[in-house]
Amino acid sequence: MSHKMAFILAVVYFAALAGILFWPSPVDRPIDGALMQLIEWLHNHGVPKWFIGYRKIEFAANILLFVPFGIVVALRLPRRLWWLVVLIAAASSTAVELAQGIFLPARVPALSDVVANTSGAFIGAVLVLSVWSLHRCRVLKNTQRIQPKA
């Protein structure tokens, strides 16, 4: 993927993320009735209530929403500073939750959102670290294979 394409994808992601985070009402409001019906259907068909529920789905969605955040930020940082992704995500998410509480009366700020968002960014950073590590292992294997043995 070209740098230009990666940049465009990052801009589109962050624009969409800002739209979701600063939408005046909860973005799941249009589908919350259908989602509740689906959850009820699952419960009625044997899925335990402790296993799936509205809050768990919302928490998982927030994690998934911030995985790309962690990927993009990790790719922009030097490898040795990858852990800053967690701090940046936590600070950004906390700022967003505070802004929602102050400026968006229909939104409900929640510590669980900060935890989920930060977790998602951490997962994204770990994915980047994993790819870097796999790439490094391949490069080292190829280098060892090419070098003649003494």
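Residues numbered from 1 in each chain as written. Predicted model: local features only at pLDDT ≥ 70, side-chain atom pairs only at ≥ 80, totals over all residues. Heavy atoms only, no water.

Caption draft 1: How the structure looks around the nonpolar core. By size, the foremost hydrophobic cluster in this structure holds 16 residues, and its most contacted members are Leu17, Leu21, Phe66, Phe69 and Val85. If you list the elements that add at least two residues to this core, you get α1 (3-21), α3 (54-76), α4 (84-103) and α5 (111-146). Looking at this core element by element, the count peaks at 5 residues for α3. (Core = buried A, V, L, I, M, F, W, Y, C linked by side-chain atoms within 4.5 Å. Buried < 20%, exposed > 50% of the residue type's maximum accessible area, 1.4 Å probe, protein only. Helix = DSSP H or I, 4+ residues; strand = E, 2+ residues; numbered from the N terminus.)

Caption draft 2: Examining the packing of aromatic side chains more closely. Per the counting criterion, the structure on display carries 5 aromatic pairs. Judged by centre distance (5.2 Å) and plane angle (40°), the ring pair of Phe66 and Phe69 falls under tilted. Taken together, the residues span about one helical turn, with Phe66 and Phe69 both in helix α3 at a distance of 3 residues. Assigned by exposure class, Phe66 and Phe69 land together as buried. Put simply, the rings of Tyr13, Phe14, Phe66 and Phe69 touch in pairs and so form one group of aromatic residues. (Phe/Tyr/Trp six-rings, centres within 6.5 Å; stacked < 30°, edge-to-face > 60°.)

Caption draft 3: Seen up close, the side chain of Asp113. Looking at the element boundaries, Asp113 is found in helix α5. Among buried Asp, Glu, Lys and Arg side chains, Asp113 stands out as unpaired, with Arg107 the closest opposite charge at 6.1 Å. (Lys, Arg positive; Asp, Glu negative; His and termini not counted. Salt bridge = Lys/Arg side-chain N within 4 Å of Asp/Glu carboxyl O.)

Caption draft 4: Quick look at the side chain of Ser93. Assignment of secondary structure puts Ser93 in helix α4. Within the structure, the side chain of Ser93 is placed 2.8 Å from the side chain of Asn117, a separation counted as a polar contact. Here Ser93 is in contact with Asp113, Val114 and Asn117, once residues within four sequence places are set aside. (Polar contact = N/O pair within 3.5 Å; in protein donor to acceptor, adjacent residues only side chain to side chain. Contact = heavy atoms within 4.5 Å.)

Caption draft 5: Here's a closer look at a nonpolar patch on the surface. A grouping of Met1, Met5, Phe7, Ile8, Leu9, Val11 and Val12 is seen on the molecular surface, where their side chains present a nonpolar patch of about 740 Å² in accessible area. Of note, Val11 is situated in helix α1. Taking relative accessible area as the criterion, Val11 reaches 43% and is therefore assigned partly exposed. (Patch = residues over 30% accessible without salt bridge, like charges linked within 9 Å, V, L, I, M, F, W, Y side chains within 5 Å. Areas by Shrake-Rupley, 256 points an atom, 1.4 Å probe, with all protein chains shown as cover.)

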